[in-house]
Amino acid sequence: MRLLVVEDEVRLAHALRRGLVADGFAVEVATDGASGLELARHDDFDAVLLDVMLPRLSGYEVVRALRAEENWVPVLMLSAKDGEHDQADGLDCGADDYLTKPFSYVVLLARLRALLRRAPYARPAVLAAGDVRLDPATRHVTVAEQPVSLTPREYGLLEYFLRRPGRVVTKVEILDHVWDAAAEVHPNAVEVYVGYLRRKLGRHLVETVRGIGYRLES
């Protein structure tokens, strides 16, 4: 899943990026509100982690602008402002959730998973296709109820497919959402990792759509 972190505290932004990448997300960082708004407008993100107090544009202004443009990307606001009215303002201006600083990273992940489940298309708590099951909360994967060990990249690729059942996705889309934005990755890496998944989970789980990309068999 591809995330945008908009946070002007550089150390916190880097810590969030490190943790989220380690947990299988592809992450892009903006350090001011105007840059974050432009990225959210023009790139395809699955969710946005948005600080409130930002240079150039506040988090409130960013989320208001997105909603006015009918951009419904899930937004989790992060703020040191913990008053009831501050939280109400954040939610009323269009954010989907609000988390006060300092926060637990475990709670942040849980809130993020809940946001992703509430996004515009179906996102169940446990993802499944055939006899393959993936639980994002525990990062536990099974095939026919037997546990399977996946690398972080294999896990990220499987989760991406499972969240788009029956939809054809291109190599470019997969690279954007599964690999880190800062990494230089050859498109053939997608073929390699699809091959790894097929060997571990079943040859017919991921179908190759010649000339376009891949589709998960439902």
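Quantities reported herein were computed from a predicted structural model and do not represent experimental measurements.

S.K.: Outline helix 6 (residues 152–162), listing residues and values.
M.R.: An α-helical turn contains 3.6 residues, so a residue and the one three or four places further along point in the same direction. Along helix 6, nine of the 11 residues are buried, which leaves the element largely enclosed by surrounding structure. The complete set of buried residues in helix 6 reads Glu154, Tyr155, Gly156, Leu157, Leu158, Glu159, Tyr160, Phe161 and Leu162.

S.K.: Before we move on, could you go through the sheet that holds strand 11 (residues 206–209) and cite the residues and values that matter?
M.R.: Strand order in this open sheet of three strands is 10-12-11, and the pairing throughout is antiparallel. Edge positions in the sheet fall to strand 10 (168–170) and strand 11, since each of these pairs with one other strand and no more. Put simply, the sheet's adjacent strands are angled 35 degrees from each other on average, direction ignored. In the packing of helix 7 (residues 171–178) onto the sheet, the strands contacted are strand 10 and strand 12 (213–216), and the crossing angle to strand 10 comes to about 75 degrees.

S.K.: An account of the domain arrangement of the protein chain is requested, with residue identities and associated values reported.
M.R.: Per the domain assignment, the segments of the protein chain are domain 1 (2–118) and domain 2 (127–216). On a C-alpha basis, the centroid separation for the pair domain 1 and domain 2 is 26 Å. Across the contact, 11 residues belong to domain 1 and 12 residues belong to domain 2. In total, domain 1 and domain 2 occlude about 1100 Å² of area from one another, counting both sides; carbon and sulfur atoms represent 41% of this. When the buried area of domain 1 at its contact with domain 2 is split by residue, Arg2, Ala26 and Arg113 rank highest and sum to 37% of it.

S.K.: Provide a residue-level description of the pairing of strand 11, including the pertinent values.
M.R.: Where strand 11 meets strand 12, four bridges bridge the pair, whose relative direction is antiparallel. Bridged to valine 206 within strand 12 is leucine 216. Hairpin connection from strand 11 to strand 12: three residues lie between these consecutive antiparallel strands, with glycine 211 at a positive phi of about 80 degrees.

S.K.: Can you tell me about the packing of helix 7 against helix 8 (residues 188–201), naming the residues and giving the values?
M.R.: In a pair of packed helices, the angle between the axes and the distance between the axes together describe the arrangement. Contact geometry of helix 7 with helix 8 gives a least axis separation of 9 Å together with a crossing angle of 80 degrees. In this view, helix 7 runs roughly perpendicular relative to helix 8, as classed from their interaxial angle. Listed contacts from helix 8 to Lys171, Ile174 and Leu175 of helix 7 are Asn188, Val190 and Glu191. When the residues that make up the contact of helix 7 with helix 8 are grouped by side-chain class, the tally is three nonpolar, one polar and two charged.

S.K.: Explain the side chain of arginine 2 residue by residue, including any values.
M.R.: Relative to the assigned elements, arginine 2 resides in strand 1 (residues 2–6). In terms of polar contacts, arginine 2 uses its side chain to reach the side chain of glutamate 28, at 3.1 Å. Within the local environment of arginine 2, its side chain forms a polar contact with the backbone oxygen of aspartate 176, the two atoms lying 3.3 Å apart. Ignoring anything within four residues of it in the chain, the contact list for arginine 2 reads Ala26, Glu28, Asp43, Asp44, Phe45, Asp46, Ala47, Asp176 and His177.

S.K.: Could you give an account of the sheet that holds strand 4 (residues 75–79), naming the residues involved and the relevant values?
M.R.: Read from one edge to the other, the open sheet built from five strands follows the order 2-1-3-4-5, with strand pairing classed as parallel. Lying at the two open borders of the sheet, with one neighbouring strand each, are strand 2 (26–30) and strand 5 (97–100). Adjacent strand axes in the sheet meet at a mean angle of 20 degrees when their direction is disregarded. Pairing between strand 1 and strand 3 (residues 47–51): four bridges, direction parallel. In the strand pairing of strand 3, valine 5 is matched with leucine 49. Contacts from helix 5 (residues 105–117) reach strand 1, strand 3, strand 4 and strand 5, with the element oriented near 175 degrees to strand 5.

S.K.: Help me get a handle on helix 2 (residues 33–42), residues and values and all.
M.R.: Among all positions in helix 2, only Gly33, Ala34, Gly36, Leu37, Leu39 and Ala40 are buried. Of the surrounding secondary structure, the elements contacted by the buried residues of helix 2 are strand 1, strand 2 and helix 3 (59–68). One side-chain oxygen of the residue at the start of helix 2 lies 3.1 Å from the amide nitrogen of alanine 34, identifying that residue as aspartate 32.

Thresholds applied
Residues numbered from 1 in each chain as written. Predicted model: local features only at pLDDT ≥ 70, side-chain atom pairs only at ≥ 80, totals over all residues. Heavy atoms only, no water. Buried < 20%, exposed > 50% of the residue type's maximum accessible area, 1.4 Å probe, protein only. Helix = DSSP H or I, 4+ residues; strand = E, 2+ residues; numbered from the N terminus. Pairing = 2+ DSSP bridges. Axes fitted to C-alpha atoms, helices over the stretch in contact; angles between N-to-C directions. Contact = heavy atoms within 4.5 Å. Domains from an automatic or database assignment. Buried area = accessible area lost by both parts, 1.4 Å probe. Parallel < 35°, antiparallel > 145°, perpendicular 65-115°, else oblique. Nonpolar A, V, L, I, M, F, W, Y, C, P; charged D, E, K, R; others polar. Polar contact = N/O pair within 3.5 Å; in protein donor to acceptor, adjacent residues only side chain to side chain.

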